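Listed here are the chains, written in short residue letters.
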Amino acid sequence: MKALILVGGFGTRLRPLTFSMPKPLVDFGNKPMILHQIEALKAAGVTEVVLAINHQQPDVMLNFVKEYEKKLEIKITFSQETEPLGTAGPLALARDKLVDESGQPFFVLNSDVICEYPLLEMIEFHKTNNAEASIMVTKVDDPSKYGVVVMEAATARVESFVEKPKHFVGNKINAGIYLLNPSVLDRIELRRTSIEKEIFPKIAAEKKLCAMVLPGFWMDIGQPKDYITGQSLYLNSLREKASQVLVTGDNIIGNVLVDESAVIGEGCLIGPDVVIGPGCVIDSGVRLLGCTVMRGVWIKEHACISNSIVGWDSTVGRWARVVNVTVLGKDVHVADAEVYNSGSVIEEQASVKPEIVM
């Protein structure tokens, strides 16, 4: 079985992290974002993954592929577009990689999506409903911000798609995970095309599109606020399914994931919803909550990191505060007693203004 992961975006919403690393390789839960998906695909029986990339992806993607092809014993290849092709065009471009004599359906995933990936259940759902295409949908509290998938509850058939409805028509949205028969590729031209707006509505009109309601959590983690929310949901899922990977102790509150190579000093208070990466040094008296501290970071005495992301190899000075969805890029150095509040920082001693990359 095969799969394609759409990774062609430029990662502008996750800057400054994506200045240093392609978005699919940005850490989430102490592993590259895309690795969560590849591991789930492998567990579901997928033997080949195609990464649909754009022409500006750096060579670091190649190094990732070489490393994890061996570790996971799965074939990973690239399909590289030379111009933007939307969300459907990359499937047409990768047609020869996705179709073989077996005629099996293939998965398509949006690389920004984090969830529990019930892919085996989706395969069974697809077969049971004799669908040409199956999509996962997830329930949301405020559907007016999204494109809503209207479906028949009894049959799971998709009836229509309504973009940002002004009146309630449903509370289920596209979760960015699809299982498609090879025949879907016959519907896609090699040009910039939207699978959500151009391809799926046609399949739905023929009553060949089904929607599976995603169990568990879901989040598109392509921007900092949602990344932090998604981390909380992910850690809670680990608590339920693999609690042994989370740390405990007198200085730990709630769900906390710490790489075994990290060093934590005396008198710290960590959690809830914290991830600490490999090689990090957390000095005494530090307060961490709702944050990610990536590989090689040094947090000095009595600093506080709250609801923020600290990029690789950065340093946060004594008594400094990094709060309110602040994102530090790679190798940023926050001076002692500095306060960074709601911004993105890519250089040492940068001033921080809300929503502006300095």
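So, how was this worked out
Residues numbered from 1 in each chain as written. Predicted model: local features only at pLDDT ≥ 70, side-chain atom pairs only at ≥ 80, totals over all residues. Heavy atoms only, no water. Helix = DSSP H or I, 4+ residues; strand = E, 2+ residues; numbered from the N terminus. Rg over C-alpha atoms; globule rule 2.2 N^0.38 Å. Buried < 20%, exposed > 50% of the residue type's maximum accessible area, 1.4 Å probe, protein only. Core = buried A, V, L, I, M, F, W, Y, C linked by side-chain atoms within 4.5 Å. Contact = heavy atoms within 4.5 Å. Pairing = 2+ DSSP bridges. Axes fitted to C-alpha atoms, helices over the stretch in contact; angles between N-to-C directions. Parallel < 35°, antiparallel > 145°, perpendicular 65-115°, else oblique. Left-handed = near helix turned anticlockwise from the far one by under 90°. Salt bridge = Lys/Arg side-chain N within 4 Å of Asp/Glu carboxyl O.

> How should the overall build of the protein chain be read in this particular structure?
Helix and strand content of the protein chain: 8 helices and 29 strands. By the compact-globule yardstick of 21 Å for 358 residues, the protein chain fits well, its C-alpha radius of gyration being 21 Å. Its C-alpha atoms give the protein chain principal-axis dimensions of roughly 60 × 45 × 40 Å. With 358 residues in all, the protein chain has 53% of them scored as buried.

> Would you mind showing me how to read the nonpolar core here?
Within soluble globular proteins, side chains that are nonpolar tend to cluster in buried spots. In terms of nonpolar packing, the biggest core is built from 95 residues, with Leu51, Leu91, Phe107 and Leu180 touching the most fellow members. In contact with Leu51, other than residues within four places in its own chain, are Ile5, Val7, Ile34, Met61, Val65, Ile76, Thr77, Phe78 and Ser79. Of all hydrophobic cores here, the second largest spans 26 residues; its members include Val258, Val286, Val297 and Ile305.

> Honestly, the sheet that holds strand β15 (residues 263-264) in this entry has me stumped. Any pointers?
Sheet strands pair via backbone hydrogen bonds, and the direction of the pair is either parallel or antiparallel. As summarised here, the arrangement of the 5 strands in space is β15-β18-β21-β24-β27, forming an open sheet in which the pairing is parallel. In the strand order of this sheet, the two ends are held by β15 and β27 (333-334), each with one partner. Pairing of strand β18 (residues 281-282) with strand β21 (residues 298-299) involves 2 bridges; the strand directions are parallel. Its bridge partner being in β21, Val281 is matched across the sheet by Trp298.

> How should I be thinking about the packing of helix α2 (residues 33-43) against helix α3 (residues 60-72) in this particular structure?
Angle between the axes and distance between the axes: these two values describe a pair of packed helices. The geometry of α2 relative to α3 is characterised by a closest axis approach of 12 Å and an angle of 30° between their N-to-C directions. Between α2 and α3, the crossing angle belongs to the class labelled roughly parallel. For α2 against α3, the interelement crossing comes out right-handed. Contacts between α2 and α3 involve Ile34, Leu35, Ile38, Glu39 and Lys42 from the former and Phe64, Tyr68 and Leu72 from the latter.

> Please clarify how the pattern of salt bridges should be interpreted in this entry.
Side chains carrying opposite charge are able to pair once their charged atoms draw close together. Tallied over the entire structure, the rule returns 15 salt bridges. With its nearest N and O atoms 2.7 Å apart, the salt bridge here joins Lys31 to Glu39. For Lys31, a relative accessible area of 21% gives the class partly exposed. Shared partners join several salt bridges into a network, and the residues in it are Glu132, Arg187, Glu206 and Lys208.

> What am I meant to see in the pairing of strand β11 (residues 172-180) here?
When a strand is regular, its side chains alternate between the sheet's two faces. Counted residue by residue, β11 has 8 buried out of 9 residues, so it is predominantly covered. Summarising the sheet, strand β6 (residues 106-110) and β11 pair through 4 bridges and their orientation is antiparallel. Note on β11: the bridge partner recorded for Phe107 is Leu179.

> Any chance you could explain the sheet that holds strand β16 (residues 269-270) here in plain terms?
Pairing in this open sheet of 5 strands is parallel, and the strands run β16-β19-β22-β25-β28 from one edge to the other. Because the sheet does not close on itself, it has two edges, and the strands there are β16 and β28 (339-341). Here 3 bridges tie strand β25 (residues 321-323) to β28, and the two strands are oriented parallel to one another. Pairing of Val323 across the sheet is with Asn341, part of β28.

> Got a minute to help me understand unusual backbone geometry in this structure?
Of the consecutive residues Gly271 and Pro272, the connecting peptide bond is found in the cis state with omega at 0°. One can find Pro272 in the loop between β16 and β17 (274-276). Positive phi, close to 60°, is recorded for Asp331, a residue that is not glycine. Tracing the backbone through its elements, the reader meets Asp331 in the loop between β26 (327-328) and β27.

No statement about biological role is implied by the geometric values presented.
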